[in-house]
Amino acid sequence: MKLTCKPRAWITIPEQGKHYSVDFNLHVCRANGEIVQDFELMCAATDGDIQTAEGSGADFMDGIRRVEAGEVDLIEADGNAWIAHITRDKVWFEGLYSQGEGGEVTFAQYKLAVETYVRFLADPERKPIEVDFPA
């Protein structure tokens, strides 16, 4: 599986006053490009709550570091739309606006997703990134 970060695709229909995104920046995909649905809550929460590498990205990375170092056992990292419940073993997600909850992933999977997404956001050219993603 691969974790991919790519620029968001936007649709603009001026005569209807519409300007909206048609995709998340972040997905976990199989070798054939198919999106792995088991990781979509993680991707939606990461994409929705991390807007910049320096601000929210740095905050989420600090929380991950604190859990990994054993300073805390659980962090409930909340952003604009999600709460990520982060422990050393697992991470799960809760939508603040009825988007769903669950989507449990391992700590290592979540850490890789956040690190990769923050690196993507830090690149002023927003070049696509693709990394191996552990099953």
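Everything that follows concerns the structure shown earlier in this document.
Bear in mind that the values here come from a model prediction, so they are computed numbers and not experimental data.

About the criteria used
- Residues numbered from 1 in each chain as written.
- Predicted model: local features only at pLDDT ≥ 70, side-chain atom pairs only at ≥ 80, totals over all residues.
- Heavy atoms only, no water.
- Helix = DSSP H or I, 4+ residues; strand = E, 2+ residues; numbered from the N terminus.
- Rg over C-alpha atoms; globule rule 2.2 N^0.38 Å.
- Buried < 20%, exposed > 50% of the residue type's maximum accessible area, 1.4 Å probe, protein only.
- Contact = heavy atoms within 4.5 Å.
- Areas by Shrake-Rupley, 256 points an atom, 1.4 Å probe, with all protein chains shown as cover.
- Lys, Arg positive; Asp, Glu negative; His and termini not counted.
- Charge placed at Lys NZ, Arg CZ, Asp CG, Glu CD.
- Pairing = 2+ DSSP bridges.
- Axes fitted to C-alpha atoms, helices over the stretch in contact; angles between N-to-C directions.

Bringing the overall build of the protein into the picture now. In terms of regular secondary structure, the protein is built from three helices and nine strands. Counting helices and strands in the order they occur from the N terminus, the protein gives β-β-β-β-α-α-β-β-β-β-α-β. Over its C-alpha atoms the protein spans a radius of gyration of 15 Å, differing by no more than 12% from the 14 Å that the globule rule assigns to 135 residues. Dimensions along the principal axes, computed over C-alpha positions, put the protein at roughly 55 × 30 × 30 Å. Sorting the 135 residues of the protein into buried and exposed places 40% on the buried side. Of the contacts formed within the protein by residues at least 6 apart in sequence, a portion of 42% connects residues at least 24 apart. Accessible surface, the protein as shown: approximately 7500 Å² in total, 49% of it carbon and sulfur. Positive and negative side-chain charges of the protein, numbering 13 and 24 respectively, have mean locations separated by a distance of 4 Å.

On to helix H1 (residues 40-49). Most of H1 is tucked away, with eight of its 10 residues classed as buried. Among all positions in H1, only Glu40, Met42, Cys43, Ala44, Ala45, Thr46, Asp47 and Asp49 are buried. Contacts from the buried residues of H1 go to strand S4 (26-29), helix H2 (56-68), strand S6 (82-86), strand S7 (90-95), strand S8 (101-106) and helix H3 (107-122).

Let us look at the sheet that holds S7. Reading across the sheet, the four strands line up as S5-S6-S7-S8 and stay open at both edges, with antiparallel pairing between neighbours. A single partner strand is all that each edge strand has here, and the edge strands are strand S5 (75-78) and S8. Between one strand and the next, the sheet's axes are offset by a mean angle of 20°, whatever the strand orientation. Running at roughly 175° to S5, H2 makes contact with S5 and S6 of the sheet.

With that settled, the discussion passes to unusual backbone geometry. Trans peptide bonds make up most of the peptide bonds, and negative phi angles are found at most residues other than glycine. At Ser98, a residue that is not glycine, the phi angle is positive and equals roughly 65°. Position of Ser98 among the secondary structure elements: in the loop between S7 and S8. Taking relative accessible area as the criterion, Ser98 reaches 76% and is therefore assigned exposed. Even without being a glycine, Arg126 presents a positive backbone phi close to 50°. If you trace the backbone, Arg126 turns up in the loop between H3 and strand S9 (129-132). Judged by relative accessible area, which is 34%, Arg126 ranks as partly exposed.

Further remarks concern the environment of His85. Among the secondary structure elements, His85 is positioned in strand S6. Taking the C-alpha atoms as reference points, His85 and Trp10, 75 residues apart in sequence, are found 30 Å from one another. Each residue touching His85, except ones within four places of it in the same chain, is listed here: Leu74, Ile75, Glu76, Lys90, Val91, Trp92 and Glu94.

Strand order across the open sheet formed by three strands is S4-S1-S9, with antiparallel pairing between neighbours. What marks the edges here is a single partner per strand, and that holds for S4 and S9. Taking each pair of neighbouring strands and ignoring which way they run, the sheet shows an average axis angle of 20°. As judged from the four bridges shared by strand S1 (residues 2-5) and S9, these two strands associate in the antiparallel manner. In the sheet register, Lys2 faces S9, and the bridge partner there is Asp132. Sheet strands in contact with H3 are S1, S4 and S9, and its direction is about 160° off that of S9.

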